[in-house]
Amino acid sequence: MADDSSSGFRAGQTGLIVRIPEAESSVRGWRERFDPAAQSGVPAHVTVLFPFLDESRMDARVHAELADMLSGHPSFDLRFERCGGFPGVLYLVPEPDMWLRQLTAAIAGRWPEAPPYGGRFAEVVPHLTIAQGQEDAVVGEIEADLAGRLPFTAHVSSVQLVVYDGVKWRERVSFALGR
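Residues numbered from 1 in each chain as written. Predicted model: local features only at pLDDT ≥ 70, side-chain atom pairs only at ≥ 80, totals over all residues. Heavy atoms only, no water.

*Asks:* How should I be thinking about the sheet that holds strand β6 (residues 152-156) in this particular structure?
*Replies:* On the basis of which strands lie adjacent, the open sheet formed by 4 strands has the order β5-β4-β3-β6 and antiparallel pairing. Only two strands of the sheet have a single neighbouring strand rather than two, namely β5 (128-132) and β6. Strand-to-strand twist in this sheet, taken as the mean axis angle between neighbours without regard to direction, amounts to 35 degrees. Running at roughly 30 degrees to strand β4 (residues 89-95), helix α5 (residues 136-147) makes contact with β3 (76-86), β4 and β5 of the sheet. (Pairing = 2+ DSSP bridges. Helix = DSSP H or I, 4+ residues; strand = E, 2+ residues; numbered from the N terminus. Axes fitted to C-alpha atoms, helices over the stretch in contact; angles between N-to-C directions. Contact = heavy atoms within 4.5 Å.)

*Asks:* Could you clarify how one ought to interpret the pattern of salt bridges in this entry?
*Replies:* Side-chain pairs of opposite charge can arise where the charged atoms are in close proximity. Overall, the coordinates contain 14 salt bridges when judged by the stated rule. Among the salt bridges present, the one from E81 reaches R79, with a minimum N-O distance of 2.6 Å. Since its relative accessible area comes to 40%, E81 is described here as partly exposed. Measuring nitrogen to oxygen at the nearest pair gives 3.4 Å for the salt bridge that ties E123 to R101. Within this pair, whereas E123 is found in the loop between α4 (98-110) and β5, its partner R101 is found in helix α4, the two being separated by 22 residues in sequence. Classification of R101 by relative accessible area gives partly exposed; the value is 30%. Three or more residues are tied together by salt bridges with common partners; here these are R61, E65 and R110. (Salt bridge = Lys/Arg side-chain N within 4 Å of Asp/Glu carboxyl O. Buried < 20%, exposed > 50% of the residue type's maximum accessible area, 1.4 Å probe, protein only.)

*Asks:* Can you help me understand the environment of R79 in this one?
*Replies:* The residue R79 is located in strand β3 in this model. As a C-alpha pair, R79 and A154 span 75 residues in sequence and 6.4 Å in three-dimensional space. Those residues in contact with R79 that lie beyond four places of it in its chain are V93, P94, E95, P151, F152 and T153.

*Asks:* How should the packing of helix α1 (residues 24-34) against α5 be read in this particular structure?
*Replies:* Helix-helix packing is characterised by the crossing angle of the two axes and by the distance between the axes. In the contact formed by α1 and α5, the axes pass within 10 Å of each other and the chain directions differ by 165 degrees. Regarding the angle of α1 to α5, the classification is roughly antiparallel. Taken as a pair, α1 and α5 cross one another with a handedness that is left-handed. For the pair α1 and α5, the contacting residues are S26, V27, W30 and F34 in the first and V138, E141, I142, D145 and L146 in the second. (Parallel < 35°, antiparallel > 145°, perpendicular 65-115°, else oblique. Left-handed = near helix turned anticlockwise from the far one by under 90°.)

*Asks:* Honestly, the side chain of R31 in this entry has me stumped. Any pointers?
*Replies:* Its place among the elements puts R31 in helix α1. For R31, a relative accessible area of 3% puts it in the buried group. Beyond its immediate chain neighbours, meaning those up to four positions away, R31 contacts A37, A38, Q39, V42, P43, A44, H45, L128, T129 and I130.

*Asks:* Sorry if this is basic, but what is going on with the packing of aromatic side chains here?
*Replies:* Aromatic ring pairs are defined here through the distance separating the ring centres and the angle between the ring planes. Overall, the coordinates contain 11 aromatic pairs when judged by the stated rule. Residues W30 and F34 carry aromatic rings whose centres are separated by 6.3 Å and whose planes lie at 15 degrees to one another, so their mutual orientation is stacked. On the criterion of helical spacing, the pair formed by W30 and F34 is a turn pair, its members being 4 residues apart in helix α1. When the centroid spacing of 5.8 Å and the interplanar angle of 75 degrees are considered together, the rings of Y117 and F121 count as edge-to-face. The class of Y117 is buried, set by a relative accessible area of 8%. Each residue in the set F9, F50, Y164 and W169 is aromatic and connected to the rest through ring pairs, giving one cluster. (Phe/Tyr/Trp six-rings, centres within 6.5 Å; stacked < 30°, edge-to-face > 60°.)

*Asks:* Would you mind going over α1 with me for this structure?
*Replies:* Counting along an α-helix, one turn takes 3.6 residues, and residues three or four places apart therefore face a common direction. For α1, the full list of buried residues reads E24, S26, V27, W30, R31 and F34. Along α1, the residues classed as buried sweep out an arc of 155 degrees about the axis, all on the same side. Exposed and facing more than 90 degrees away from the buried side of α1 are S25 and R33. (Arc of directions from axis to C-beta.)

Structure representation (structure tokens):
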């Protein structure tokens, strides 16, 4: 959910994520300190599409289309065994990431008015954000800690729609993968 800025979230914003509860024991403390999304109530996750449609556009038709679309994608497993980074962002790398890329492409293809990250990046790289805007020494400390906690595997069987209410991100609905 990280938008690679501080906490520039806006009430009514929505996003589609896959929760990674298997990561919580390893990353929760770091995320609560160094990830604005975690500080705003988002669990450990990999973003499928952010920002998605404004909450005012989230009606029964959109929910039904998402449910139908996502039910056509199989559930899958991800393995997290290493860290990666963007400028100012430390994250865990989900492998293989093709299923996540396919979900993002399918949803963004259906709703082209909601390109991933507002169209700011030429390539969308699936990731589980741990920290943003930290000095190299802090990043090194986090990576050293995580080295002893990796690898782990996560099973992804649903996609969650989350909405920002102006204070916290809250899950609105979960869409099952696979028929």
